[in-house]
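Structure at a glance
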Amino acid sequence: MDVGYEPTRVMHLSRRTLEAIDGLAGLSSPDPAAAEAIRTVRLTRRNLEDHWMPALRDIERSDAMVQWRSGQLGAFGLRSLRALAGALPDHLRPTDITAATV
């Protein structure tokens, strides 16, 4: 299993998250029937602002993995994604990964 990250993809995710926050901020409705939906929109926006954006900023500021773009975790005795998918309950198992025997 390869691990690592591409800083440009993290920056793109950060920009898209900011766009989503702005988009969610503009949603409103005076209809009382929409109150629960608007509450969910506000909670989602707050989650993005309070949790995701700080995490993305921390990743962008970090240089911990700049030189480590890819690696093999198998050397550490960790199982592959295929094996991990086999350990998940059916309702959480990705449909595009079939379980492998460990």
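Everything numeric here is computed off the predicted structure, so don't read it as measured data.

1. Looking at the overall build of the protein
- A count of helical and extended segments in the protein gives three helices and zero strands.
- N-terminal to C-terminal, the α/β element order of the protein is α-α-α.
- When burial is assessed residue by residue, the protein has 16% of its 102 residues classed as buried.
- Relative to all contacts within the protein whose residues are 6 or more apart in sequence, the contacts with residues 24 or more apart total 63%.
- Of the accessible surface of the protein, which amounts to about 8000 Å², a share of 56% is contributed by carbon and sulfur atoms.

2. With respect to the nonpolar core
- Membership of the largest hydrophobic core is limited to eight residues, which are Tyr5, Val10, Ile21, Leu24, Val41, Leu48, Met53 and Leu56.
- Elements that contribute at least two residues to this core include exactly α1 (7-25) and α2 (35-61).
- Per-element tally for this core: the top contributor is α2, with four residues.
- Discounting residues that sit within four places of it in the chain, Leu56 has contacts with Val10, Leu13, Ser14 and Thr17.

3. Concerning the side chain of Thr17
- For Thr17, the position within the fold is in helix α1.
- Judged by relative accessible area, which is 9%, Thr17 ranks as buried.
- Those residues within four positions of Thr17 in sequence are excluded, and the remaining contacts are Leu48, Met53 and Leu56.

4. Topic: the confidence of the model for the protein
- Within the protein, residue pLDDT values average 78, and 61% of them lie at 70 or more.
- Counted against residues more than four places away or in other chains, residues 98-102, with its pLDDT under 50, gives seven contacts.

5. Focus on α2
- Here α2 contains 27 residues, and its C-alpha end-to-end distance of 38 Å stays within 8% of the 39 Å for a straight helix at 1.5 Å per residue.
- Residue Trp52 marks the point of greatest curvature in α2, where the axis turns by about 35°; the proline Pro54 follows within four residues.
- For α2, the complete set of buried residues consists of Ile38, Val41, Leu48, Met53 and Leu56.
- Where α2 is buried, its residues contact α1.

6. Concerning the environment of Arg61
- Considering the arrangement of structural elements, one finds Arg61 in helix α2.
- With a relative accessible area of 60%, Arg61 lands in the exposed category.
- Among the polar contacts made by the side chain of Arg61, one reaches the side chain of Asp58 at a distance of 2.7 Å.

Each value, and the rule that gives it
- Residues numbered from 1 in each chain as written.
- Predicted model: local features only at pLDDT ≥ 70, side-chain atom pairs only at ≥ 80, totals over all residues.
- Heavy atoms only, no water.
- Helix = DSSP H or I, 4+ residues; strand = E, 2+ residues; numbered from the N terminus.
- Buried < 20%, exposed > 50% of the residue type's maximum accessible area, 1.4 Å probe, protein only.
- Contact = heavy atoms within 4.5 Å.
- Areas by Shrake-Rupley, 256 points an atom, 1.4 Å probe, with all protein chains shown as cover.
- Core = buried A, V, L, I, M, F, W, Y, C linked by side-chain atoms within 4.5 Å.
- pLDDT = per-residue confidence, 0-100.
- Expected span 1.5 Å × (residues − 1).
- Bend = angle between axes of the 7 residues up to and from the residue.
- Polar contact = N/O pair within 3.5 Å; in protein donor to acceptor, adjacent residues only side chain to side chain.

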